[in-house]
Amino acid sequence: MSIELRRHVNALVSDFTAEYGEVDLVSRRVECDPGEYDALVDSFESFGVVGGAGIRILRDQRVLLARYENVDGWIEPGAGRLPGESYPACAKRGLREVTDAEASIDGLAQIQVVYLDDWTERRPIPNPYVAFRGSVADGAATSGGTTTATLRWAAESPDELAYEELSELALGSGEQRI
């Protein structure tokens, strides 16, 4: 596994900490098959790109959630990064592809470093996901984009969330959690 990938993720966390101040950093390990592990390494070595980003949009004590075919559970609208794309640009593109709406980024919600771990003896590799706080700048945040996903405005927790930390999101008075 490339030390450059680990350095990239460390620099990412450092850069966001410098820009936004304190960062809510979450690390977790997920099992994957060797092909998924190799694909992440190849993507980074070939294109210098890993990870993805999304935008948490709160409105009227509800949060906008998306359900993608390749993701287990509900998550904020987002996408995987493309070569040369910044994390904020990735998050905005992800929202636009699902909703046809433009978003503004108002802050950083969380950085997740998901370590992919296959059954071989290789060390787990980091795949960062950056969740921003934002708002819809233009257009309605409803289905209509080019990427297929189910959307919903949630006032309480759906049965399945893509990651547990999303359930910690305070809605309304702060007493209600999604």
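The structure we're discussing is the one just above.
Each value, and the rule that gives it
- Residues numbered from 1 in each chain as written.
- Predicted model: local features only at pLDDT ≥ 70, side-chain atom pairs only at ≥ 80, totals over all residues.
- Heavy atoms only, no water.
- Phe/Tyr/Trp six-rings, centres within 6.5 Å; stacked < 30°, edge-to-face > 60°.
- Helix = DSSP H or I, 4+ residues; strand = E, 2+ residues; numbered from the N terminus.
- Buried < 20%, exposed > 50% of the residue type's maximum accessible area, 1.4 Å probe, protein only.
- Lys NZ or Arg CZ within 6 Å of the ring centre and 35° of its normal.
- Salt bridge = Lys/Arg side-chain N within 4 Å of Asp/Glu carboxyl O.
- Polar contact = N/O pair within 3.5 Å; in protein donor to acceptor, adjacent residues only side chain to side chain.
- Contact = heavy atoms within 4.5 Å.
- Core = buried A, V, L, I, M, F, W, Y, C linked by side-chain atoms within 4.5 Å.
- Expected span 1.5 Å × (residues − 1).
- Arc of directions from axis to C-beta.
- Pairing = 2+ DSSP bridges.

Engineer: I keep staring at the packing of aromatic side chains and nothing clicks. Help me out?
Structural biologist: The relation between two aromatic rings is expressed through the spacing of the ring centres and the mutual angle of the planes. Evaluation of the coordinates by the stated rule reveals 3 aromatic pairs. Considering the side-chain rings of F16 and Y87, the 6.2 Å spacing of their centres and the 75 degrees angle between planes classify their relative orientation as edge-to-face. In this pair, F16 is assigned in helix α1 (residues 3–20) and Y87 in helix α3 (residues 87–99), connecting sequence segments 71 residues apart. For the pair shown, F16 and Y87 are each scored as buried. Cluster of aromatic residues (ring-pair linked, three or more members): F16, Y20, Y87 and F132. Over the face of the ring belonging to Y87 we find R81, whose NZ or CZ atom lies 4.2 Å from the ring centre. A cation over an aromatic ring shows up here: R152 above the ring of W74, its NZ or CZ 5.1 Å from the ring centre.

Engineer: How should the pattern of salt bridges be read in this particular structure?
Structural biologist: When the charged atoms of two side chains with opposite charge come close together, those side chains can pair. With the rule as written, the count across this model stands at 8 salt bridges. The salt bridge involving R29 is made with D117; its shortest N-O contact spans 2.6 Å. You can see R29 sitting in strand β1 (residues 25–31) and its partner D117 sitting in strand β5 (residues 102–117), a full 88 residues away along the chain. Among the salt bridges present, the one from R56 reaches E76, with a minimum N-O distance of 2.8 Å.

Engineer: Quick question: what am I supposed to make of the side chain of Q112 here?
Structural biologist: By the secondary structure assignment, Q112 is in strand β5. The class for Q112 is buried, based on a relative accessible area of 2%. At 3.1 Å, the side chain of Q112 forms a polar contact with the side chain of R28. Within the structure, Q112 has its side chain in polar contact with the side chain of Q110 (distance 3.3 Å). Filtering out sequence-adjacent residues up to four positions away, Q112 remains in contact with V26, R28, N127, P128, Y129 and Y163.

Engineer: Sorry if this is basic, but what is going on with the nonpolar core here?
Structural biologist: The tendency in soluble globular proteins is for nonpolar side chains to be buried as a group. Ranked by size, the top nonpolar core spans 49 residues in total, and within it F16, Y87, I111, V130 and F132 carry the most contacts. Of all elements in the fold, only α1, α2 (34–47), β2 (52–59), β3 (62–68), α3, β5, β6 (125–138) and β7 (149–154) reach the threshold of two or more residues within this core. Element by element, the count of residues in this core is highest for β5, at 7 residues. Setting aside anything within four residues of it in sequence, one finds Y87 in contact with H8, L12, F16, V50, G51, G52, A53, R81, P128, V130 and F132.

Engineer: Any chance you could explain α2 here in plain terms?
Structural biologist: Structural remark: α-helix, 3.6 residues per turn; residues separated by three or four positions point the same way. Over its 14 residues, α2 runs 20 Å from end to end, which matches the ideal 20 Å to within 8%, given 1.5 Å per residue. Among the residues of α2, those classed as buried are P34, Y37, L40, V41 and F44. Buried residues along α2 cover an arc of 130 degrees about the axis, so they all sit on one side. Among the exposed residues of α2, those oriented more than 90 degrees off its buried face are S46 and F47.

Engineer: Looking at this model, I keep getting lost on the pairing of β3. Mind explaining?
Structural biologist: For β3, the tally of buried residues reaches 5 of 7 residues, placing the bulk of the element in the interior. Of the pairings in the sheet, the one linking β2 to β3 comprises 2 bridges and is antiparallel in character. Across the sheet, the residue bridging to R59 is R62, located in β3. As paired elements, β3 and β7 share 6 bridges and run antiparallel to each other.

Engineer: Any chance you could explain unusual backbone geometry here in plain terms?
Structural biologist: Comment: phi is negative for the bulk of residues other than glycine, and the bulk of peptide bonds are trans. Unlike most non-glycine residues, D60 shows phi in positive territory, near 50 degrees. Relative to the helices and strands, D60 resides in the loop between β2 and β3. For Q61, which is not glycine, the phi dihedral falls at a positive 60 degrees. Within the fold, Q61 resides in the loop between β2 and β3. Take Q61: its relative accessible area is 52%, and that puts it in the exposed class.

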